[in-house]
Amino acid sequence: MKYINEMMGISDDLNVEKNKNIIFVYTPPKVGSTTLVSSIRLNACSKYTVVHIHNEIMLKMLYNIKDVKVIDIINYNRYIGKNVKVIDIYRSPIEQKISTFFENIHSLHFNVPEDILNKFDVNRLIKRFNQVFPYLKTNDHFRTYYNIKYPNTFDFKKKYLHVKENGIDYYKIRLKDSNEWNSILGKVLDLNKNILIIKDYETEKKGIKD
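Anyway, here's the lowdown on the structure attached to this text. By convention here, each chain's residues receive numbers from 1 onward along its written sequence. With pLDDT at 70 or above as the cut-off, local features in this predicted model cover only qualifying residues; side-chain atom pairs require 80 or more to be listed or tallied, and sums for whole chains, interfaces and linings still use all residues. For side-chain calculations, the full set of non-hydrogen atoms in the structure is used, while hydrogens and water are omitted.

### Some words on the packing of aromatic side chains
- Paired rings are identified among Phe, Tyr and Trp, the last through its six-membered ring, by centres lying within 6.5 Å, and are further divided according to the angle between planes into stacked (under 30 degrees), edge-to-face (over 60) and tilted (the rest). What the rule picks out here adds up to ten aromatic pairs.
- Seen from their ring centres, Phe129 and Phe133 are 5.7 Å apart, and the 75° between their planes marks the pair as edge-to-face.
- Ring geometry for Phe154 versus Phe156: centroids 5.3 Å apart, planes at 70°, classification edge-to-face.
- The buried label applies to any residue whose accessible area, calculated with a 1.4 Å probe on protein chains only, is under 20% of its type's maximum; exposed applies above 50%, and partly exposed to all values in between. For Phe156, a relative accessible area of 58% gives the class exposed.
- Joined through ring pairs, the aromatic side chains of Tyr26, Phe142, Tyr145, Tyr146 and Tyr170 make up one cluster.
- In this scheme, the term charge over a ring applies when either NZ of a lysine or CZ of an arginine sits within 6 Å of the ring centre and within 35 degrees of the ring normal. Lys97 extends its terminal NZ or CZ atom over the ring of Phe133, reaching a point 4.4 Å from the ring centre.

Pasting the structure below:
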């Protein structure tokens, strides 16, 4: 596990504050995690190490790490004495499916350049989306991969869920509250201030925005 930390660029020197405090943004794809990661890194780079990971496939592709689960890496870092936070983001399943569809729409679904795709009749896109809809996967890591006892109801006042188990703080926030993430994350990260949110990887900035 020490070698895996090294492969992922996670330092075990606990004399440095950002090495002692680590945040795993462990979410499914297409839920707004890039914005979350960019925002935390900008506002708290001296306090936290931030690891952005979706699944074991990503471990294998990026680091050639096999036969190890993400949750094992999380538990190991707590075991060696780090303060560990894990954050997941909830996005409604229909939104996840739409975002996944448009992520690869020009290459995977129609195999045409983006400028040509932008001229398609929208009904053609709708037809294709409806055809593949049942096969577009969604997930909720907080429920399925964290292996924790989660609350049955969402805290609509705080606008996040918090579970502390085995010394690890697990959080669940919602993408629909992203316009309030500045104050929500300030509390989650114990910064005692609002943070600047960096909107990143938005569709309106891509070639298929039209």
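Now that the structure has been shown, the text picks up again.
### Observations concerning the pairing of strand E4 (residues 161-165)
- Pairing between E4 and strand E5 (residues 168-174): five bridges, direction antiparallel. The residue bridging His162 from the neighbouring strand is Tyr171, located in E5.
- If you look at the hairpin formed by E4 and E5, you'll find two residues sitting between the two strands, and Asn166 has a positive phi there, around 55°. Pairing between two strands is assigned when DSSP locates at least 2 bridges connecting them. Runs of H or I in DSSP of at least four residues are treated as helices and runs of E of at least two as strands, each being numbered from the N terminus.

### Description of the packing of helix H6 (residues 93-103) against helix H9 (residues 122-132)
- Where H6 meets H9, the closest approach of the two axes is 11 Å, and the angle between their N-to-C directions is 115°. In terms of crossing hand, the pair formed by H6 and H9 is right-handed. Judged by residue contacts, Ile94, Lys97, Ile98 and Phe101 of H6 engage Leu125, Arg128, Phe129 and Val132 from H9. Helix axes are fitted only over the stretch in contact, all axes being lines through C-alpha atoms; the angle between N-to-C directions runs from 0 to 180 degrees. Crossing handedness: left-handed means the near helix sits turned counterclockwise from the far one by under a right angle, and right-handed means the same turn made clockwise. Contact between two residues is taken to exist if any of their heavy atoms lie within 4.5 Å; hydrogens are not considered.

### Points about the pattern of salt bridges
- Whenever Lys or Arg places a side-chain nitrogen within 4 Å of a carboxyl oxygen from Asp or Glu, that contact is recorded as a salt bridge. Scanning the model with the defined rule gives eleven salt bridges in all.
- Ionic pairing is found between Lys2 and Asp12, a salt bridge with its closest N-O pair at 3.9 Å. Placement of Lys2 in helix H1 (residues 2-7) and of Asp12 in the loop between H1 and helix H2 (17-20) is noted, with a sequence separation of ten residues between them.
- For Lys2, a relative accessible area of 48% gives the class partly exposed.

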